[in-house]
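Listed here are the chains, written in short residue letters.
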Amino acid sequence: MKKIVILGAGGHGQVVADALKLMTDAEPVAFLDGNPEVMGKEILGLPVPGGNKALSDIDHDGVIVALGKNSLRKKIFHELKEAGEKLFSVIHPSAIISPDAKIGNGCMILGGAVVNTGAEIGDNTILNTNCTVEHHNIIGPHAHIAPGSSLGGEVVVEEEAMVGIGATVLPRTRICARALLGAGSTAFRDLPEDSVAVGIPAKVIKKK
Ligand SMILES: CC(C)(COP(=O)(O)OP(=O)(O)OC[C@H]1O[C@@H](n2cnc3c(N)ncnc32)[C@H](O)[C@@H]1OP(=O)(O)O)[C@@H](O)C(=O)NCCC(=O)NCCS
């Protein structure tokens, strides 16, 4: 069993811990979190010995950066990679992943997520509960496909972009880097970099 440390003991980190507990080749051994409210406590039966600096004191084979904010997750991912850490991808056993799909390092693929043939998922990306990543999607690193969202075939989601809860992206549409498609919205056209778009059809309401 690979021993995995989860960075971030918040709600998302706890969902990641649950998924890890169900894997057959890996198990969570600790959370790391600098929040004084959780340091020194146990969460889901796992210790929270301290912030990220405590990593060197823990016997482990890999780490997962379980933070929802894409930019922060990216920063910590790169720091850990440069420090020689192995970024582990957690895949909930109820996720359906095509044998032909490519999954990067440090990804979090949660309960009921579907990844169809030819899809490529970049490093450190979250495919959240019950999302659908259709055939030949290219999902960049540090992206977040939120719960219940649906991406049609050949969609591209670039680096650090986010597709909100229950949102829909029509086939062959591109969500450019760091863009955010609001919850329940539908993207019929490409979203430009750093844009925030909402509604059906999604319209850009601001730049980040
Ligand atoms: C798009 C979003 C980021 C906007 O948040 P915000 O910057 O705080 O914007 P506001 O709440 O001030 O809303 C701005 C306007 O957009 C509208 N709006 C916001 N989100 C919307 C949505 N998802 N769909 C339709 N309209 C939306 C608001 O009603 C408001 O309209 P108004 O100016 O006519 O009153 C946010 O509402 C959202 O959808 N976030 C995604 C959350 C999510 O999916 N998280 C996943 C966690 S796992």
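Residues numbered from 1 in each chain as written. Predicted model: local features only at pLDDT ≥ 70, side-chain atom pairs only at ≥ 80, totals over all residues. Heavy atoms only, no water.

Draft legend 1. The arrangement of helix α1 (residues 11–21) in detail. The complete set of buried residues in α1 reads H12, G13, V16, A17, A19 and L20. Relative to the axis of α1, the buried residues are bounded by an arc of 165 degrees and lie together on one face. (Buried < 20%, exposed > 50% of the residue type's maximum accessible area, 1.4 Å probe, protein only. Helix = DSSP H or I, 4+ residues; strand = E, 2+ residues; numbered from the N terminus. Arc of directions from axis to C-beta.)

Draft legend 2. Here's a closer look at the site of the ligand. Within the structure, the ligand sits among 16 residues, and M162, G164, I165, A183 and K206 are positioned closest to it. Between the ligand and I165, the relevant distance is 2.7 Å, taken from an oxygen atom to a main-chain nitrogen or oxygen of the residue. Here A183 contributes a backbone N or O atom positioned 2.7 Å from a nitrogen atom of the ligand. Burial of the ligand by the protein amounts to 41% of the accessible area it has alone, namely 910 Å². Of all elements in the fold, only β23 (195–198) and β24 (203–207) reach the threshold of two or more residues within the shell around the ligand. Grouping the constituent residues of the shell around the ligand by class yields nine nonpolar, six polar and one charged. (Near = heavy atom within 4 Å. Polar contact = N/O pair within 3.5 Å; in protein donor to acceptor, adjacent residues only side chain to side chain. Areas by Shrake-Rupley, 256 points an atom, 1.4 Å probe, with all protein chains shown as cover. Nonpolar A, V, L, I, M, F, W, Y, C, P; charged D, E, K, R; others polar.)

Draft legend 3. Expanded view of the side chain of N128. Topologically, N128 is positioned in the loop between β12 (126–127) and β13 (132–133). On the basis of relative accessibility, which here comes to 10%, the residue N128 falls in the buried class. One polar contact links N128 to T129, side chain to side chain, over a distance of 3.4 Å. Dropping the residues within four chain positions of it, N128 is found in contact with L110, A113, H144, I145, A146 and P147. (Contact = heavy atoms within 4.5 Å.)

Draft legend 4. Structural view of the side chain of T186. Following the sequence through the fold, T186 ends up in strand β22 (residues 186–187). The contacts of T186, once residues within four sequence positions are left out, are T168, L170, L181, G199, I200, P201 and A202.

Draft legend 5. Fine view of the pattern of salt bridges. This structure, assessed with the given rule, holds seven salt bridges. Of the charged contacts in the structure, one is a salt bridge between E158 and R174, with a shortest N-O distance of 2.6 Å. Placement of the pair is E158 in the loop between β17 (156–157) and β18 (162–163) and R174 in strand β20 (residues 174–175), with a sequence separation of 16 residues. Linked through salt bridges whose partners overlap, the residues forming this network are K74, E159 and E160. (Salt bridge = Lys/Arg side-chain N within 4 Å of Asp/Glu carboxyl O.)

Draft legend 6. Looking closely at the pairing of β23. As paired strands, strand β21 (residues 180–181) and β23 are joined by two bridges and run parallel to one another. Note on β23: the bridge partner recorded for L181 is A197. The hairpin formed by β23 and β24 contains four residues between the paired strands, and G199 there has a positive phi angle of roughly 95 degrees. (Pairing = 2+ DSSP bridges.)

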